[in-house]
Amino acid sequence: MPQIGSSKMTKLDIVANAARMVAPGKGILAADESTGTIEKRLAGIDVPSTEANRRDYRQLLFTTPGAEAHISGVILFDETLRQTGSNGVGLAKLLWDKGILPGIKVDAGAKGLAGSPGEMVTEGLDGLRERLAEYVELGAAFTKWRAVITIGAGLPTQACLQANAHALARYAALSQEAGLVPIVEPEVLMDGDHDLERCAEVTEAALQLTFRELFNQKVLLEGMILKPNMVLAGKNCARQNSIEEVAARTVAVLGRQVPAAVPGIAFLSGGQSEQEATAHLNAMNQLRNNLGPSPWQLSFSYGRALQASALQAWRGRADNVEAAQAAFAHRAKMNGLARGGEYDATMEQEV
Ligand code: 13P
């Protein structure tokens, strides 16, 4: 298979890389926080967001001993794909050498949708073909684009769902043209007081439109990964659901809207705690074990739910690197077990 910086990826390579990203027992680390978001995360541990600190933190995660047992890919931000580790080796090459695929966030962020107060559309299509060609040279194997859908009074509008689905499909088609596996992320936010059923309804509508647009834009479903939200009641909803209710409703919605040709679904954590995100994934894979196989792998592509304890353990100090790596390795292992429905909350004491 072509390696780092190759521009000779065929359709077969794209399909093989997509399958590798959702290999059983493994999932994806989202470490592609934009400059503003990483600044917030680092401020939370009183660390200034300098280029060197951002590099040190991400290097710590990527060099965690044994991470490759449960991490198949890492989503990077533009700056990180161009950075060199303290040993002089590029961070993307370091990941390739560990057998982990580097990917790149290529959207330019969610901006206000004209004519639709309170809603957003993700930008970044202009010049994307040229940027993708450069990312291939820099060693990326896959891409990510995040659309944001808000639930509220009268929201989302059809205009918002349609505009975001169209952009996701345009992005996915361009990524595959460049030989890259697109992660297609339509995120229905947890913010609000809506209940589980409302989230199910909106998630279903967003997925249906997204797959219609992916079909229209001739995206090869076998060579993409879907990154959806789980179906959850809003953060401010008085009635929060059990782990089993969330798992059953999420799998039902996906079963109705995600074609069997898609190799894998890698959930975002979206503000769930580390343990909630693991328990939900575990329950879905247990359902899958009990009800018979689902067509796609049910995996993870977590940001906060893989990094929160590692970040707290690190606090910007070199003498905490080992403890931070142990915290990250533990989360990766717990989610790796959840991939097979083999996680139990009692395992949290191991660390
Ligand atoms: P969270 O898991 O923190 O939601 O981040 C995943 C991600 O990549 C959002 O785009």
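Above this text sits the structure in question.
Residues numbered from 1 in each chain as written. Predicted model: local features only at pLDDT ≥ 70, side-chain atom pairs only at ≥ 80, totals over all residues. Heavy atoms only, no water.

A. Fine view of the overall build of the protein chain. For the protein chain, the count of helices and strands is twelve helices and ten strands. For 351 residues, the compact-globule estimate of 2.2 N^0.38 gives 20 Å, and the protein chain sits close to it at 19 Å. Expressed along its principal axes, the backbone C-alpha trace of the protein chain runs to roughly 50 × 45 × 40 Å. Pairs at least 24 apart in sequence give 79% of the contacts found in the protein chain among residues at least 6 apart. Accessible surface computed for the protein chain: about 14,000 Å², of which carbon and sulfur atoms make up 53%. Put simply, the protein chain has 34 plus and 39 minus side-chain charges, and the middle of one group is 3 Å from the middle of the other. (Helix = DSSP H or I, 4+ residues; strand = E, 2+ residues; numbered from the N terminus. Rg over C-alpha atoms; globule rule 2.2 N^0.38 Å. Contact = heavy atoms within 4.5 Å. Areas by Shrake-Rupley, 256 points an atom, 1.4 Å probe, with all protein chains shown as cover. Lys, Arg positive; Asp, Glu negative; His and termini not counted. Charge placed at Lys NZ, Arg CZ, Asp CG, Glu CD.)

B. Geometry of unusual backbone geometry. Here Leu 155 and Pro 156 are connected by a cis peptide whose omega angle stands at 5°. Take Pro 156: it is sitting in the loop between β6 (142-149) and α7 (158-177). Notably, Asp 46 is not glycine yet its phi reads approximately 60°, a positive angle. As for its position among the elements, Asp 46 is in the loop between α2 (35-43) and α3 (51-62). Note on Asp 46: relative accessible area 67%, which makes it exposed. In this model, Arg 315 sits at a positive phi of 50°, which is unusual for a non-glycine residue. If you trace the backbone, Arg 315 turns up in the loop between α11 (304-314) and α12 (321-338). (Buried < 20%, exposed > 50% of the residue type's maximum accessible area, 1.4 Å probe, protein only.)

C. Highlighting the sheet that holds β6. Strand order in the closed barrel formed by eight strands is β1-β2-β3-β6-β7-β8-β9-β10, with parallel pairing between adjacent strands. Sitting on the sheet, helix α9 (residues 243-257) touches β8 (225-226), β9 (264-267) and β10 (297-302), and the angle it makes with β9 is about 140°. Most of the contacts of α12 go to β10, to which it runs at about 160°, and overall it touches β1 (27-31), β2 (71-76) and β10. (Pairing = 2+ DSSP bridges. Axes fitted to C-alpha atoms, helices over the stretch in contact; angles between N-to-C directions.)

D. Region of interest: the site of the ligand. Around the ligand lies a shell of 13 residues, among which Lys 144, Lys 227, Ser 269, Gly 270 and Arg 304 are the nearest. Within the side chain of Glu 185, an N or O atom sits 3.0 Å from an oxygen atom of the ligand. Contact distances for the ligand include 2.7 Å between an oxygen atom and a backbone N or O atom of Gly 270. Here the ligand has 300 Å² of accessible area as a free molecule, and 92% of this is covered by the chains. Its residues assigned to classes, the shell around the ligand shows three nonpolar, four polar and six charged. (Near = heavy atom within 4 Å. Polar contact = N/O pair within 3.5 Å; in protein donor to acceptor, adjacent residues only side chain to side chain. Nonpolar A, V, L, I, M, F, W, Y, C, P; charged D, E, K, R; others polar.)

E. Representation of α3. Between its first and last C-alpha, α3 extends 16 Å over twelve residues, near the 16 Å set by a 1.5 Å rise per residue. All of the buried residues along α3 are Asn 53, Arg 54, Arg 55, Tyr 57, Arg 58, Gln 59, Leu 60, Leu 61 and Phe 62. (Expected span 1.5 Å × (residues − 1).)

F. Molecular detail of α7. Given a rise of 1.5 Å per residue, 20 residues ought to cover 28 Å, and the 29 Å separating the end C-alpha atoms of α7 matches this to within 8%. Contact partners of the buried residues in α7: α1 (11-21), β5 (120-122), α6 (128-137), β6, β7 (181-188) and α8 (196-216). Two residues or fewer past α7, Gly 179 is found with a positive phi of approximately 90°.

G. Structural detail: the state of the cysteines. Counted according to the given criterion, the structure contains zero disulfides. For the unlinked cysteine Cys 160, the closest cysteine sulfur is that of Cys 199, found at 14 Å. As a non-bridged cysteine, Cys 237 has Cys 199 as the owner of its nearest cysteine sulfur, 11 Å distant. (Disulfide = S-S within 2.5 Å.)

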